[in-house]
Amino acid sequence: MSGDSKEFWGPNILICITGASRGFGRAIVKTIAEHLIEVLKMQPDNLTFLVTARSSTLLSELKNDLLSTFGIKNVEVISGSIEGSDTLQNLHHSMEKLRDNNNFDHVMLIHNAATIGDPSKKTDQYTVENMKELDEYARINMSSMIILTGSFIKIFKRIAKVNIINISSLVAFQALEGLSIYGAYKAARDNFMKCVAHENASIKVLNYAPGPLQTDMLETVRSQGYLAQLFKDGSILTPDQSAKKMILLLERNTYENGAHVDYFELE
Ligand code: NAP
């Protein structure tokens, strides 16, 4: 098991992740670091993270934590709103620089950042007054991930092993009151990723639905009375629990390229 796991990650890996400051993104970073350094005994210098989100304070804390807990020195931080052209350009340049100054065997991009929108609004409440809000939602949740994917593929096309992971949701397939816009873009992201897999057979693509997680996003949804039924059965997971399962899924590598896999489908 450990031999297969080591083979999956390879000797020198770069992990680029959006929305790394808190919630599931932060848990993914910490869980991967713990798995590679403490379980698989990888040398910390052979693991590089590129982390992004708006909060520079939380990203700096994460960077310090990775150094003090795991000895990981190679952590690039880009702070800014993901829909801004300047943030996307900074990410592009940072990835180019990382490629030029390193000899990666494996690169991974994790599209984790997302916003829930306004769950108090039902479908008949969107009017022309909401055009600006909807445009901004599209830029944060869709356009930015398309542009970042394009940059990543162009920059790393010669690397032997490439993974792209889109953090999806059950809501990509299931209608829930108040989550129409969120669900619509989750479905669109899944389909975009299927096209990435279709056009690039050498890139392994996964749409991972992490299950209901105890994060700020879940608290925003929970605050809507009509969604109370969602939170009745005690099935809410910690972000770490779901991150561990995602790692297992990646290492097993038995999913079809571009597949949507839900936390609850896995043993
Ligand atoms: P969260 O607690 O709200 O965290 C969202 C992350 O995205 C934060 O790091 C935030 O950082 C970043 N972010 C938000 N707006 C941004 C912007 N404009 N530019 C750059 N970064 C931005 O959400 P979460 O629950 O961890 O969700 C993570 C992923 O899991 C999302 O894709 C979500 O759809 C998915 N998911 C969550 C659940 C759940 O139950 N929580 C269930 C299914 C799927 P800053 O604020 O620092 O920018």
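Just so we're clear, the structure is a prediction, and the values are computed from it rather than from any experiment. (Residues numbered from 1 in each chain as written. Predicted model: local features only at pLDDT ≥ 70, side-chain atom pairs only at ≥ 80, totals over all residues.)

Draft legend 1. Representation of the overall build of the protein in the model. What the protein contains, in helices and strands, is 8 helices and 7 strands. Taking 267 residues into account, the globule formula puts the C-alpha radius of gyration at 18 Å, and the protein, at 18 Å, falls close to it. Each principal axis of the C-alpha distribution contributes one length, and for the protein these read about 55 × 40 × 40 Å. For the protein, buried positions account for 36% of its 267 residues. (Helix = DSSP H or I, 4+ residues; strand = E, 2+ residues; numbered from the N terminus. Rg over C-alpha atoms; globule rule 2.2 N^0.38 Å. Buried ≥ 20, exposed ≤ 12 C-beta atoms within 10 Å, placed from the backbone.)

Draft legend 2. View of the site of the ligand. Taken together, 27 residues sit near the ligand, with Gly19, Gly23, Arg54, Ala114 and Thr215 positioned nearest. Where the shell around the ligand is concerned, the elements lending two or more residues are helix 2 (23-39) and helix 7 (216-222). In the shell around the ligand, the residues fall into 13 nonpolar, 10 polar and 4 charged. (Near = placed C-beta within 6 Å. Nonpolar A, V, L, I, M, F, W, Y, C, P; charged D, E, K, R; others polar.)

Draft legend 3. Region of the structure containing the nonpolar core. Within the largest apolar cluster, 57 residues are counted, with the highest numbers of intra-cluster contacts made by Ile15, Val29 and Val51. With 7 residues, the top contributor of residues to this core is helix 2. The contact partners of Val51, leaving out residues within four places of it in the chain, are Ile17, Ala20, Val29, Leu59, Leu62, Val75 and Val77. With 5 residues, the next largest nonpolar core counts Tyr137, Leu179, Ile181 and Tyr185 among its residues. (Core = buried A, V, L, I, M, F, W, Y, C linked by C-beta atoms within 7 Å. Contact = placed C-beta atoms within 7 Å.)

Draft legend 4. Fine view of the environment of Met108. Within the secondary structure, Met108 sits in strand 4 (residues 106-111). According to the C-beta neighbour criterion, Met108 is buried, with 21 such atoms within 10 Å. C-alpha of Met108 to C-alpha of Phe49: the two residues are 59 residues apart in sequence and 9.6 Å apart in space. When residues no more than four places from it in sequence are discounted, the contact partners of Met108 are Ile13, Ile15 and Asn163.

Draft legend 5. Just helix 3 (residues 56-70), in detail. Its 15 residues give helix 3 an end-to-end C-alpha distance of 21 Å, which sits within 8% of 21 Å, the value for a rise of 1.5 Å per residue. Residues Leu59, Leu62 and Leu66 constitute the buried set of helix 3. An end-on view of helix 3 places all buried positions within 55° of arc, on one side of the element. Opposite the buried face of helix 3, at more than 90 degrees from it, the exposed residues are Thr57, Asn64 and Ser68. Its buried side turned inward, helix 3 meets helix 2, strand 2 (47-53) and strand 3 (75-79). (Expected span 1.5 Å × (residues − 1). Arc of directions from axis to C-beta.)

Draft legend 6. Molecular detail of the pairing of strand 2. Of all 7 residues that make up strand 2, 7 are buried, and the element is covered over most of its length. Two elements, strand 1 (residues 13-18) and strand 2, share 6 bridges in a ladder whose sense is parallel. Looking across to strand 2, one finds that Ile13 is bridged to Leu47. Handedness of the crossover joining strand 1 and strand 2 through helix 2: right-handed. The parallel pair strand 2 and strand 3, bridged by helix 3, forms a crossover whose chirality is right-handed. (Pairing = 2+ DSSP bridges. Right-handed = clockwise from strand over helix to strand, strands pointing away.)

Draft legend 7. Seen up close, the packing of helix 5 (residues 131-156) against helix 6 (residues 180-199). Contact geometry of helix 5 with helix 6 gives a least axis separation of 10 Å together with a crossing angle of 10°. The orientation of helix 5 with respect to helix 6, classified from their angle, is roughly parallel. Residues Tyr137, Asn141, Met142, Met145, Ile146 and Thr149 of helix 5 pack against Ile181, Tyr185, Ala188, Arg189, Phe192 and Val196 of helix 6. Grouping the amino acids of the contact of helix 5 with helix 6 by side-chain chemistry returns 9 nonpolar, 2 polar and 1 charged. (Axes fitted to C-alpha atoms, helices over the stretch in contact; angles between N-to-C directions. Parallel < 35°, antiparallel > 145°, perpendicular 65-115°, else oblique.)

Draft legend 8. View of the sheet that holds strand 1. Read from one edge to the other, the open sheet built from 7 strands follows the order 3-2-1-4-5-6-7, with strand pairing classed as parallel. Each end of this open sheet is capped by a strand with a single partner; those strands are strand 3 and strand 7 (259-262). Taken over all neighbouring pairs, the strand axes of this sheet differ in orientation by 15° on average, direction set aside. Contacting strand 1, strand 2, strand 4 and strand 5 (161-167), helix 2 runs over the sheet at an angle of about 165° to strand 1.

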